[in-house]
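Summary of structural features
The primary structure of each chain is shown beneath.
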Amino acid sequence: MYHRIKLNSSCKTEFIDITASIKQLLSASGVTDGLACIFVPHTTAAVTINENADPDVTADIDRFLTVNIDNQCKYHHSEGNSPAHIKASLLGSSEMVMIDGGELLLGTWQGIYFCEFDGPRQRTYFVKFIQEN
Amino acid sequence: MYHRIKLNSSCKTEFIDITASIKQLLSASGVTDGLACIFVPHTTAAVTINENADPDVTADIDRFLTVNIDNQCKYHHSEGNSPAHIKASLLGSSEMVMIDGGELLLGTWQGIYFCEFDGPRQRTYFVKFIQEN
Amino acid sequence: MYHRIKLNSSCKTEFIDITASIKQLLSASGVTDGLACIFVPHTTAAVTINENADPDVTADIDRFLTVNIDNQCKYHHSEGNSPAHIKASLLGSSEMVMIDGGELLLGTWQGIYFCEFDGPRQRTYFVKFIQEN
């Protein structure tokens, strides 16, 4: 069993906090101890965990990636979105988070972000909770 | 139980699509729902998920990494392959993919790639499927 | 059940080998086959797997990140540690390693590193072992 969640990005690049949605799914799942897997089934989007307090943090990550990747090379891929593919591989398609006592074991300042690199688009991410024995 | 798969890279850097091999192993395993873990036990190779349609995409990722890492710093490691180690840590040693109804839950355009950064060599990757209860 | 391990970093940036501690925890856990998850609950630290033989390798990874991130952009986050947040997202918050016959399935030259990017500080990492059926 897994969950397919839809979201809409509204910009070319955007970090969307999906922590609250994942916590709600976990709460409803009845899983108490184990692992959560968050997976992004796109090749120009990713998932990352970073600071949830000051939005300048994810904006700075986005800015760094854009400045260093968008015009850094002569890319050959004819769709013209190679920078988005590169960012997706650098940040990664999945994150694993532990579950204990029915709670996601995130640090105080950690949030889980869907990273859009080639928007705006309708996107999907998958969530699965594995109960340990 | 896990699978050890050997492969031979043929270039210095190369992205080798291992999706079909992993799907065959999954099919034979009888695992219907759970998680697949793909792990690369090398320090100058990695695994990533990205576009499986136009080979220019992985070629552009490779080109970006080479242009930005190979001669970017004065490296100290005496074997001279620090760029390959850096690329390995940036793309990562493992990927997790969900399994549902006996199928790998990849997006339409996603393939799983063994990333060679210091070839050509004989290499190995590990695959494990975890059945959920 | 999971383990919370404390450590103290002693520099601004530092790669600390935590492989031996994780092996000890695994040994004491009685888990024989499955997956190990290592998770860093901080937003300016990360975990990576790379060479455990020559310390110049992790020093070169650290040097590359510093040279390319620390002064690459005009960052807006007022705490001034955006480079540490960017490095954390690039290397990632978690690693998954297989367990077989009571052993961590690492390659010969692989070690697991806690990556400090904004030290020195007291830090924590989490370890969980999942036994497969």
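We now turn to the structure provided with this report. The structure presented is a predicted model; accordingly, all values stated were derived computationally and were not measured.

1. Points about empty space enclosed by the protein
- Throughout the structure, instances matching the rule amount to one cavity of 30 Å³ or more.
- In this structure, the largest cavity is lined by 24 residues; those nearest its centre are S94(A), L91(B), S94(B), L91(C) and S94(C).

2. Digging into the interface of chain B and chain A
- Of the residues lining the interface, 32 residues belong to chain B; the matching set on chain A comes to 34 residues.
- Interface area for chain B against chain A, summed over the two sides, is near 2,700 Å², with a carbon-plus-sulfur share of 59%.
- When the area that chain B buries against chain A is broken down by residue, the three leading residues are D60(B), F64(B) and M98(B), summing to 23%.
- A salt bridge links E132(B) to K128(A); the nearest nitrogen and oxygen atoms lie 2.3 Å apart.

3. Brief notes about the packing of aromatic side chains
- Applying the stated criterion across every chain, the model contains twelve aromatic pairs over all chains.
- Look at F114(C) and Y125(C): their rings are 6.4 Å apart centre to centre, the planes differ by 45°, and that puts the pair in the tilted class. Separated by eleven residues along the polypeptide, F114(C) in strand β7 (residues 110-116) and Y125(C) in strand β8 (residues 122-131) bring together distant segments of the chain.
- You can call F114(C) buried: its relative accessible area is 0%.
- What makes Y125(C) buried here is its relative accessible area of 1%.
- One aromatic cluster in this structure is built from Y2(A), F39(A) and F126(A).

4. Notes on the interface of chain A and chain C
- Taken together, the 32 residues of chain A in the interface contact 34 residues of chain C.
- Together, the buried faces of chain A and chain C total about 2,700 Å²; carbon and sulfur atoms form 59% of this surface.
- When the area that chain A buries against chain C is broken down by residue, the three leading residues are D60(A), F64(A) and M98(A), summing to 23%.
- Run the count over chain A and chain C and you get one salt bridge.
- Taken together, chain A and chain C are joined by twelve residue pairs in polar contact (both at pLDDT 80 or more).
- Among the elements of the structure, β3 (34-39), β4 (45-51), α2 (56-69), α3 (82-91) and β5 (94-100) of chain A are those that each provide at least two residues to the side of chain A that touches chain C.
- With nine residues, α2(A) is the single largest residue contributor to the side of chain A that touches chain C.
- Residues that form the side of chain A that touches chain C fall into these classes: 16 nonpolar, seven polar and nine charged.

5. Topic: the relation of the copies chain B and chain A
- Note on the copies: chain B fits chain A at an RMSD of 0.0 Å, the axial shift is 0.0 Å, and the rotation between them is 120°. Overall, the copies show the geometry of a three-fold rotation axis. Among all C-alpha atoms of chain B, that of L90(B) lies closest to the rotation axis, at 3.5 Å.
- An overlap of only 12% is found between the interface residues of chain B and their copies at the interface of chain A, pointing to separate contact surfaces.

6. Quick look at the sheet that holds β7(C)
Residues and elements named next belong to chain C.
- One open sheet accounts for three strands, arranged β2-β7-β4; its pairing is antiparallel. Either end of the sheet is taken by a strand with one partner, and the two such strands are β2 (14-17) and β4 (45-51). In this sheet, neighbouring strand axes are inclined to one another by 35° on average, regardless of whether the strands run parallel or antiparallel.
- Where β2 and β7 come together, four bridges link them in antiparallel fashion.

Reading guide: rules and limits
Residues numbered from 1 in each chain as written. Chains lettered and ligands numbered in written order. Predicted model: local features only at pLDDT ≥ 70, side-chain atom pairs only at ≥ 80, totals over all residues. Heavy atoms only, no water. 1 Å grid on protein atoms, 1.4 Å probe; cavity = no way out; pocket = protein on both sides within 12 Å on 5 of 7 lines; lining within 4 Å. Points joined across faces, edges and corners; volume = space filled by probe spheres on them. Contact = heavy atoms within 4.5 Å. Buried area = accessible area lost by both parts, 1.4 Å probe. Salt bridge = Lys/Arg side-chain N within 4 Å of Asp/Glu carboxyl O. Phe/Tyr/Trp six-rings, centres within 6.5 Å; stacked < 30°, edge-to-face > 60°. Helix = DSSP H or I, 4+ residues; strand = E, 2+ residues; numbered from the N terminus. Buried < 20%, exposed > 50% of the residue type's maximum accessible area, 1.4 Å probe, protein only. Polar contact = N/O pair within 3.5 Å; in protein donor to acceptor, adjacent residues only side chain to side chain. Nonpolar A, V, L, I, M, F, W, Y, C, P; charged D, E, K, R; others polar. Least-squares fit on C-alpha atoms with pLDDT ≥ 70 in both. Pairing = 2+ DSSP bridges. Axes fitted to C-alpha atoms, helices over the stretch in contact; angles between N-to-C directions.

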